[in-house]
Amino acid sequence: QVQLVESGGGLVQAGGSLRLSCAASGGTFVSRLVMGWFRQAPGKEREFVAAIKWIGDRKYYSDSVSGRFTISKDTSKNTVYLQMNSLKPEDTAVYYCATDSSYSDYALNWDYWGQGTQVTVSA
């Protein structure tokens, strides 16, 4: 069973920055090839934000965050990060870490999820 634990959420003013972390553990983790971030705002569907392959350095971003958010990894710590800059009120959501054996921007295709961390951006 894979466990994912997010941290780093909080309240920030528009234009500010936050860095989210996702620590992964579990006996089957080594078979997971992609780590990703999704977010879900109240009343909206869960949407893709960014993803990174565990082997190599291929990264994926949604159009809404490209150029503002950066996904990175530390394989020695089994941890993935999401650096969020130039935050906007519309970035307000619960942010979830996920992992799967292949990349997809469709949330239902991902197998394992963290509990989520709240990010609130004030105007």
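Placed above this text is the structure.
The structure contained in this document is the topic of the report that follows. (Residues numbered from 1 in each chain as written. Predicted model: local features only at pLDDT ≥ 70, side-chain atom pairs only at ≥ 80, totals over all residues. Heavy atoms only, no water.)

1. A few points about the environment of A23
Inference 1: For A23, the position within the fold is in strand β3 (residues 18–25).
Inference 2: Linking A23 and L4, residues 19 residues apart in sequence, is a C-alpha distance of 5.7 Å.
Inference 3: Those residues in contact with A23 that sit more than four places away from it in its chain are Q3, L4, V5, N78 and T79. (Helix = DSSP H or I, 4+ residues; strand = E, 2+ residues; numbered from the N terminus. Contact = heavy atoms within 4.5 Å.)

2. Points about the packing of aromatic side chains
Inference 1: For the coordinates displayed, the defined rule picks out 6 aromatic pairs.
Inference 2: For R46, the ring lying beneath its charged end belongs to W113, and the centroid distance is 4.7 Å. (Phe/Tyr/Trp six-rings, centres within 6.5 Å; stacked < 30°, edge-to-face > 60°. Lys NZ or Arg CZ within 6 Å of the ring centre and 35° of its normal.)

3. Notes on the pairing of strand β4 (residues 34–40)
Inference 1: Counting buried positions over the 7 residues of β4 gives 6, a clear majority of the element.
Inference 2: The pairing of β4 with strand β5 (residues 47–53) spans 6 bridges and is antiparallel. Its bridge partner lying in β5, R39 is registered against E47.
Inference 3: As paired strands, β4 and strand β9 (residues 93–100) are joined by 7 bridges and run antiparallel to one another. Note on β9: the bridge partner recorded for F38 is Y96. (Buried < 20%, exposed > 50% of the residue type's maximum accessible area, 1.4 Å probe, protein only. Pairing = 2+ DSSP bridges.)

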